[in-house]
There are 2 protein chains.
Amino acid sequence: MEKFPAPSFYAHRHNHNACIHSALNKAQHICAKKEIRFTRIRQQTLELIWSSHKPILAYELLRTLRREKHNAEPPTVYRALDFLLENQLIHKIESLNAYVGCHFPDKDHISQFLICTGCHQIAELEDANVNKVITRQAARSGFQVAQQTVEIRGLCPTCQNL
Amino acid sequence: MEKFPAPSFYAHRHNHNACIHSALNKAQHICAKKEIRFTRIRQQTLELIWSSHKPILAYELLRTLRREKHNAEPPTVYRALDFLLENQLIHKIESLNAYVGCHFPDKDHISQFLICTGCHQIAELEDANVNKVITRQAARSGFQVAQQTVEIRGLCPTCQNL
DNA sequence: TGACTAATTGTTATATTATAACATAATACT
DNA sequence: AGTATTATGTTATAATATAACAATTAGTCA
Ligand SMILES: [Zn+2]
Ligand SMILES: [Zn+2]
Ligand SMILES: [Zn+2]
Ligand SMILES: [Zn+2]
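Every chain begins its residue count from 1, and numbering advances along the sequence as written. Ligands are numbered from 1 and chains lettered from A, in the order in which they are written. Given that this is a predicted model, residues contribute local features only at a pLDDT of at least 70 and side-chain atom pairs are listed and counted only at 80 or more, while totals for whole chains, interfaces and linings are drawn from all residues. Values shown for side chains rest on all heavy atoms present in the structure; no hydrogens or waters enter the calculation.

Participant: Quick question: what am I supposed to make of the pairing of strand 5 (residues 122–125) of chain B here?
Facilitator: A regular strand places its side chains on the two faces of the sheet in alternate fashion. All names here are of chain B. On strand 5, burial covers both faces: Ile122 and Glu124 on one face and Ala123 and Leu125 on the other are all buried. Any two strands are treated as partners once DSSP identifies two or more bridges connecting them. Counting from the N terminus, the helices are the DSSP runs of H or I reaching at least four residues and the strands are the DSSP runs of E reaching at least two. Note that strand 4 (residues 112–116) and strand 5 share 4 bridges and pair antiparallel. Bridge pairing in strand 5 links Gln112 to Leu125. Think of it in three bands: with a 1.4 Å probe and only protein chains considered, a residue is buried below 20% of the maximum accessible area for its type, exposed above 50%, and partly exposed in between.

Participant: Just checking my understanding: could you explain the coordination of the zinc ion (ligand 3) for this structure?
Facilitator: Here the term donor refers to an N, O or S atom within 2.8 Å of the metal (or 3.2 Å for Na, K and Ca), and because water is left out of the atoms, sites may appear incomplete. For the zinc ion (ligand 3), the protein coordination sphere consists of B:His91 (NE2), B:Cys102 (SG), B:His109 (NE2) and B:Glu124 (OE), at 1.9 to 2.3 Å. Key to geometry: four donors with every angle between 85 and 135 degrees are tetrahedral; four donors are square planar and six octahedral where opposite donors lie over 155 degrees apart and all remaining angles lie between 65 and 115; all other sites are irregular. Geometry at the zinc ion (ligand 3) is irregular, judged from the 4 donor atoms that bind it and their angles of 101 to 139° at the metal.

Participant: Help me out: how do you make sense of the interface of chain B and chain A in this one?
Facilitator: Contacts between the two partners involve 39 residues from chain B, matched on the other side by 39 residues from chain A. Here the buried area means the combined drop in accessible surface, using a 1.4 Å probe, for two parts upon being joined, counting both sides. Taken together, the two surfaces of chain B and chain A that pack against each other cover about 3100 Å², and 55% of this comes from carbon and sulfur. Contact with chain A buries surface across chain B, with B:Arg140, B:Phe143 and B:Arg153 losing the most and accounting together for 20% of the total. A pair is scored as a salt bridge if a Lys or Arg side-chain nitrogen falls within 4 Å of a carboxyl oxygen belonging to Asp or Glu. On the surface where chain B and chain A come into contact, there are 0 salt bridges. Each polar contact in these results corresponds to two N or O atoms within 3.5 Å; when the atoms are within protein, one needs to be able to donate a hydrogen and the other to accept it, and residues that are neighboring in sequence are counted only if both atoms are side-chain atoms. Counting the contacts that link chain B with chain A gives 14 residue pairs in polar contact (both at pLDDT 80 or more). Any two residues whose heavy atoms approach within 4.5 Å at even a single point are treated as in contact.

Participant: Can you help me understand empty space enclosed by the protein in this one?
Facilitator: Over the atoms a probe the size of a water molecule is rolled, and this reveals where empty space is left. The method works on a 1 Å grid over the protein atoms by themselves. A cavity is a set of points holding a 1.4 Å probe that cannot get out, a pocket is an open set with protein on both sides within 12 Å along at least five of seven lines, and residues with an atom within 4 Å of a point line them. Grid points are joined across faces, edges and corners, and a volume is the space filled by probe spheres set on the points. One pass over the structure, following the stated rule, counts 2 cavities of 30 Å³ or more. Roughly 70 Å³ of internal volume is contained in the largest cavity. B:Ile49, B:Trp50, B:Ser52, B:His53, B:Lys54, B:Val100, B:Gly101, B:His103, B:Phe113, B:Ile122 and B:Glu124 are the residues that line the largest cavity. Of all the secondary structure elements, the ones that give two or more residues to the lining of the largest cavity are strand 3 (98–101) and strand 5 of chain B. Tallied by class, the residues present in the lining of the largest cavity amount to 5 nonpolar, 4 polar and 2 charged. Formed jointly, the lining of the largest cavity draws a minimum of three residues from each of two domains, domain 1 (14–105) and domain 2 (109–162) of chain B. The space that makes up the second largest cavity amounts to roughly 50 Å³. Taken together, A:Ile49, A:Trp50, A:Ser52, A:His53, A:Lys54, A:Val100, A:Gly101, A:His103 and A:Ile122 form the lining of the second largest cavity. Gly is put with the polar residues, along with every residue not named as nonpolar or charged; the nonpolar set is Ala, Val, Leu, Ile, Met, Phe, Trp, Tyr, Cys and Pro, and the charged set is Asp, Glu, Lys and Arg. Those domain boundaries reflect an automatic or database domain assignment.

Participant: Honestly, the packing of aromatic side chains in this entry has me stumped. Any pointers?
Facilitator: Aromatic rings in a pair are described by how distant their centres are and how their planes are angled relative to each other. Note on ring pairs: Phe, Tyr and Trp rings are taken, using the six-membered ring of Trp, and paired if centres are within 6.5 Å. Classes follow the plane angle, with under 30 degrees stacked, over 60 edge-to-face and the rest tilted. Per the stated rule, a full pass over the model turns up 2 aromatic pairs over all chains. A cation over a ring is seen here: A:Arg42 above A:Phe83, with NZ or CZ 3.8 Å from the ring centre. Criterion for a charge above a ring: Arg CZ or Lys NZ at most 6 Å from the ring centre, at most 35 degrees from the ring normal.

Participant: How do you make sense of the sheet that holds strand 3 of chain B when you look at a structure like this?
Facilitator: Sheets are built from strands paired through backbone hydrogen bonds, the pairs being either parallel or antiparallel. All names here are of chain B. The 3 strands lie next to each other as 1-3-2, forming an open sheet whose pairing is antiparallel. On the outer flanks of this sheet lie strand 1 (56–57) and strand 2 (90–93), each paired with one strand and no other. In this sheet, strand 3 lies alongside strand 1 in antiparallel orientation, the contact comprising 2 bridges. Considered in strand 3, the bridge of Leu57 is made with Ala98.

Participant: Looking at this model, I keep getting lost on the relation of the copies chain B and chain A. Mind explaining?
Facilitator: Between the two copies of the chain lies a relationship made up of a rotation around an axis and a movement along it. For the least-squares superposition of copies, only C-alpha atoms count, and only for residues with pLDDT at least 70 in both. With an RMSD of 0.0 Å, the operation that places chain B on chain A is a rotation of 180° combined with a shift of 0.0 Å along the axis. Taken together, the turn and the small shift mark the pair as related by a two-fold rotation axis. Distance from the rotation axis, computed per C-alpha, reaches its smallest value in chain B at B:Val150: 2.3 Å. Interface overlap between copies is the fraction of interface residues in one copy that are interface residues in the other; for chain B against chain A it reaches 100%, indicating a shared surface.

Participant: I tried to follow the protein's contact with DNA strand C on my own but got confused; where do I start?
Facilitator: Close to DNA strand C lie 20 residues, the nearest being A:Thr39, A:Lys69, A:Arg79, B:Tyr59 and B:Lys92. Side-chain polar atom of A:Arg42 to a phosphate oxygen of DNA strand C: 3.3 Å apart, as the coordinates give it. Between DNA strand C and B:Arg79 there is a distance of 3.3 Å, counted from a base nitrogen to a side-chain nitrogen or oxygen. Of all the secondary-structure elements, those providing two or more residues to the surface near DNA strand C are helix 2 (40–49) and helix 4 (74–86) of chain A together with helix 4 (74–86) of chain B. Among the elements that line the surface near DNA strand C, the one with the most residues is helix 4 of chain B, at 4 residues. Here the residues of the surface near DNA strand C are counted per class, giving 8 nonpolar, 4 polar and 8 charged. We call a residue near a molecule or strand whenever a single non-hydrogen atom of that residue lies within 4 Å of it.

Participant: What is the right way to look at the pairing of strand 2 of chain B in this model?
Facilitator: Residue and element names in this part refer to chain B. Sheet topology note: the strand 2/strand 3 ladder contains 4 bridges and is antiparallel. Residue pairing across strands places Ile93 opposite Ala98, the latter belonging to strand 3. The antiparallel hairpin formed by strand 2 and strand 3 contains 4 residues in its connecting segment, where Asn97 sits at a positive phi of about 45°.

Participant: Is there a simple way to explain the domain arrangement of chain A in this structure?
Facilitator: How big an interface is tends to be stated in terms of the accessible area lost upon association of its parts. Residues and elements named next belong to chain A. Domain parsing of chain A yields domain 1 (14–105) and domain 2 (109–162). Domain 1 and domain 2 are separated by 22 Å when their C-alpha centres are compared. Between domain 1 and domain 2, the residue contacts involve 15 residues of the former and 14 residues of the latter. In this assembly, domain 1 packs against domain 2 so that about 1100 Å² is buried in total across both faces, 59% of it on carbon and sulfur atoms. Taken as a group, His53, Ile93 and Phe104 account for 39% of the area that domain 1 buries against domain 2, more than any other trio of residues on that side. Linking domain 1 to domain 2 there are 8 residue pairs in polar contact (both at pLDDT 80 or more). Within the residue set of the side of domain 1 that touches domain 2, elements represented by two or more residues are strand 2 (90–93) and strand 3 (98–101). If you tally residues by element for the side of domain 1 that touches domain 2, the top one is strand 2, at 3 residues.

What follows is the structure, encoded as structure tokens:
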């Protein structure tokens, strides 16, 4: 495997419009395939979540959504979030009560999050080793793993040099 | 290492008073050593948190605390929680917004939590392998780890057989 | 097409989790 | 005792999330 920083931490220099469009396109296809409805509100919400690689709070989302959709209320946002979460188009960062776009929406996966406390950006890893060790060590306690929350705080490559 | 379930999952059959007293005693000593004040409110709060191996919500804590302390208000609880968290006497389970007693308060440690979705009990692991793999895989992205949240949901040995 | 059904969104209210701000009290230090 | 520091009391409010029911929209099919 390559030893370059995960793509997300290139965010300073990359063409982020490509990220957004790619995410929306993938979502479009996934929903079509699953025959579920990727409505306007859901699209707008996903697009806002992808507006950066930083996790976004539900009420930030609401404030922004209201610029286009004057009558938006909390349930509007939470329903869209629920839909996007259920379909693995986004993830919730539990330790921040915030939401980020999923980098592998077309793939069943177990991910880990690197959260930079410098620039507040997030990278999503999908590391088989981490998953394997967790599952194995839990099994040593006789525990059967169903789901994992792995959120790692620290400094991204860029922020280490600041 | 032994391959028995972690102590916490013995909760059905164990002498839980021993857990409570041990936790309070350790806390007492740790606070004395650090020359920080283990006040009545902090003791009561820690004792309530240790009343089971299930994570407890801040407002549950408040309701219970009020039985002894009629004028308790949210800041009372949150201040006690802050103190206990800062001194590693308890942990917050981020995915539940709930709090559990720490099993290794006298030791600097990085822990992982096994959360049983059957009986809602929690076990705290302090597994060097998990920590090591996470740190190593993060480093492959150039990421410097400062802190970890690892919360694993699934079924404990007992609940697998129900 | 138009009636029927299911899914989505609108709307109001409220529950739950957590903190701000300032007053008072208890403790530690000289 | 007098002062500084830490802890607690008290009131208000911020931030996160859901319940409940009404209205609308989209899909189904006679
Ligand atoms: Zn991007
Ligand atoms: Zn950074
Ligand atoms: Zn611990
Ligand atoms: Zn169990």
